[in-house]
Amino acid sequence: MGRTTIVIAHRLSTIRNADLIIALERGEVMEDGTHNELMDRKGLYYELVTAQQRKEKDEDEDMLDDDKQVQLLKKNYPRHLRTLSLVSAKSAGSDVSDMEENDSENVEIKNKKCCHQPFIFKILKLNLPEIYWIIIGCIASIIFGAITPIFSFFFSQIYALFAEPDVAKANIETRNYALVIFFIGIFGGLCQCVSSIAFSKSGEALTMRMRIISFSSMLRQEIGWFDKEQNSLGALVTQLSSDTSNLKGLSGVRMGVIFNAVGAIVCSLTIAFQAGWKLTFIVLLFVPLMVFSGILQGKRMTDTKKSNEKNNSKLSWSEKGGTYATEAIDSVRTVVGLHQEEFFISRYEDCFQKEFKRTMIKIQIQSLGTGLANSIMFFIHAASFGYGSVLVENGEMEAPLVFRVFSVITFGAMSVGRSTAMIPDYAKGKESAIRILNLNKRQSQIDPQNPDGIVLDNLTGNIEFEQVKFVYPSRPTLRVLKGFDLPAKASQTTAICGPSGSGKSTCVALLLRFYDPYQGSILLDGHDIRELSLPWLRSQLGFVQQEPVLFNLSIHDNIAYGDNTREVSQHEIEEAARKANIHSTIISLPEGYNTMCGAKGSQLSGGQKQRIAIARALVRNPKILLLDEATSALDVRSEKVVQEALDVARNGRTCLTIAHRLATIRNSDKIVVVDRGRIKESGTHDELMDQRGIFYKLNMAQERDDE
Ligand SMILES: Nc1ncnc2c1ncn2[C@@H]1O[C@H](COP(=O)(O)OP(=O)(O)OP(=O)(O)O)[C@@H](O)[C@H]1O
């Protein structure tokens, strides 16, 4: 409001409400006026609009128009799309994915700003259980900071004694001072040891706590969050290990460094001003140079980082490298099988080459700071002796005091210099803290641990999809379900089939509430599943997918993990295994139920994995069974065995089954054919065959293939 906005647009539907529209051709203004005026004129603008409307009609109807996208996404993903309208106004031609990216950056920047001030307190708050260690560490640090100037005081005293005419007296006093310095050494060492132990303890405890908090925050997020590139497996694992340990640069250790510097400065200045304020004042003129060198040492390479972020959609090069490495190691069989080792190595190398360059620039600037910090020492020497000799000549100061001012300030400055050397750690820690705090405060849109909501006492198992419309948050321009209606009756098997990419698995994902539809609702016994308690809802659903994932545990534990609400007995595990047609296979293994499955179940065959996954789904005795192409990856023999297991498992349960092989759903009570996000046909196998529509054609094609 109140702003002059100039919009250049290709998509004319986005500017129809503009106060003035100017149509240009070859640099000349051809027409101007409002949308309605120009349409009435039936000139260039009219031609462009009608041509575009024709084209849009022809275009794949999967694409939503910009305005609708903006509205729907704003409604359903408000957090991610807070500034969507702003970007839309800026560039009418930009697509929604761009907008989301821009927006998440904006949110990030905003968060950075809002976290900037109080974040150190938030981190300290998380370190609260170690507060006594931090206090002890701070006290030890102050004392350790003060010890260096105190030592230099005695050092200057000894130095002055060399000019003492009474040699015997000078020797006695020197030995006394030497003894004092010896005890200062012991005391200083003790203080440093105490502060180091105290801060290590508080730092390590903070790292451990943040790892646990971050990991549980990650697992609380909705599945759509994991679909984003910046939340890929490698990036999150890297964040868990490095971000959390970077926090040590903040909190207690950081405070220790500050207190150390405070101790050194206060003590140095007190001694120096007492010895001679004029000389102290001159020496202090070098402080700005010292600060500047500290800034150079600790300077965050914001410019370099910004350009990196631009190229990487907020993943740092090392995180990107971590992502490639995790991906390659995780899928090592595929990588080796496809002989793509070189490809992954070169992508990994590329990331670290870039990281190396960035680090080298940083190091050069930090080295300049370190060099400058060293030079300052010499500048202080020169100033102290030069100006000190003038003061002595004028009778304003005694020679030993000149040496005292000089040594106290030099040693004090060295101590402060050590503190500034900590700044790079601090910068890293701050970056990590912002990321961790942002993650921790992020409200999950579908929190799997939130028990709030209705719990139905007697679940019958009637499912109904009502006019469900859905887009994946990571691909908002593609409408996957477009008014999907599916009633699935209790205790019946409803099969969903249709071409690849038509949205079958998406239905199951929505029922499991991995995502929520942006319009329409899914009802369970007449209740919108968004109103139900999520942990309860999921406990009622048994889910077997095409590629079941088993954990690197024993077969016993993998099956028992199917129900985490109670202790599952061995008898129940064996019963579930029998129903899944795998019991006899398990007991024939040398270690029976204690056989380890390997990472992702790699030590078992596909059919065995599949049947263990069915047993895992059955052990919770779910009211509803969701089978997503549970047999499609198996050979004919294994498929038969698994299919028999599934037929038993389906008894007395509402079952939604997705299948490519239509022979496996022949006996279903109802079959629906999904195409491009809508149900195109529905009925029993025989009814659909009689209709001679999509199902019939798919069936015929499959029968031909089988022959
Ligand atoms: N996590 C995701 N993010 C973005 N798009 C997705 C995601 N998962 C699926 N899609 C897209 O949604 C559409 C429907 O996918 P879905 O997995 O539901 O199809 P399907 O009918 O089960 O296919 P298939 O039979 O091949 O398994 C596809 O175009 C797919 O590319």
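Computed from a prediction, not measured in an experiment: that's the story for all the values here. (Residues numbered from 1 in each chain as written. Predicted model: local features only at pLDDT ≥ 70, side-chain atom pairs only at ≥ 80, totals over all residues. Heavy atoms only, no water.)

A. Spotlight on a nonpolar patch on the surface. Taken together, the side chains of L128, I131, Y132, I135 and I139 present a nonpolar region at the surface, about 510 Å² in accessible area. Looking at where I139 falls in the secondary structure, it is placed in helix α7 (residues 131-161). (Patch = residues over 30% accessible without salt bridge, like charges linked within 9 Å, V, L, I, M, F, W, Y side chains within 5 Å. Areas by Shrake-Rupley, 256 points an atom, 1.4 Å probe, with all protein chains shown as cover. Salt bridge = Lys/Arg side-chain N within 4 Å of Asp/Glu carboxyl O. Helix = DSSP H or I, 4+ residues; strand = E, 2+ residues; numbered from the N terminus.)

B. Local environment of the sheet that holds strand β4 (residues 479-488). Across the sheet, four strands lie side by side as β4-β3-β6-β7; this open sheet has antiparallel pairing. The open sheet terminates on both sides in strands that have one partner only, identified here as β4 and β7 (527-528). As judged from the seven bridges shared by strand β3 (residues 463-471) and β4, these two strands associate in the antiparallel manner. Across the sheet, K469 pairs through a bridge with K482, a residue of β4. Contacting β3, β4 and β6 (519-524), helix α20 (residues 504-511) runs over the sheet at an angle of about 110° to β3. (Pairing = 2+ DSSP bridges. Contact = heavy atoms within 4.5 Å. Axes fitted to C-alpha atoms, helices over the stretch in contact; angles between N-to-C directions.)

C. Expanded view of the site of the ligand. Around the ligand, 17 residues are found, and the nearest of them are S500, G501, K504, S505 and T506. The contact in question runs from a nitrogen atom of the ligand to an N or O atom on the side chain of D227, over 3.3 Å. E629 places a polar side-chain atom, nitrogen or oxygen, 3.4 Å from an oxygen atom of the ligand. In the complex, the protein chains occlude 73% of the 640 Å² of accessible area that the ligand would expose alone. Here the element with the most residues in the shell around the ligand is α20; it accounts for three residues. Across the shell around the ligand, the residue classes tally to five nonpolar, eight polar and four charged. (Near = heavy atom within 4 Å. Polar contact = N/O pair within 3.5 Å; in protein donor to acceptor, adjacent residues only side chain to side chain. Nonpolar A, V, L, I, M, F, W, Y, C, P; charged D, E, K, R; others polar.)

D. Seen up close, the packing of helix α10 (residues 233-246) against helix α15 (residues 317-330). With their axes 7 Å apart at the nearest point, α10 and α15 run at an angle of 115° to one another. Judged by the sense of rotation from one axis to the other, the crossing of α10 with α15 is right-handed. Contacts between α10 and α15 involve L233, G234, A235, T238 and Q239 from the former and E319, G322, T323, T326 and D330 from the latter. For the contact of α10 with α15, the class distribution of residues is two nonpolar, six polar and two charged. (Left-handed = near helix turned anticlockwise from the far one by under 90°.)

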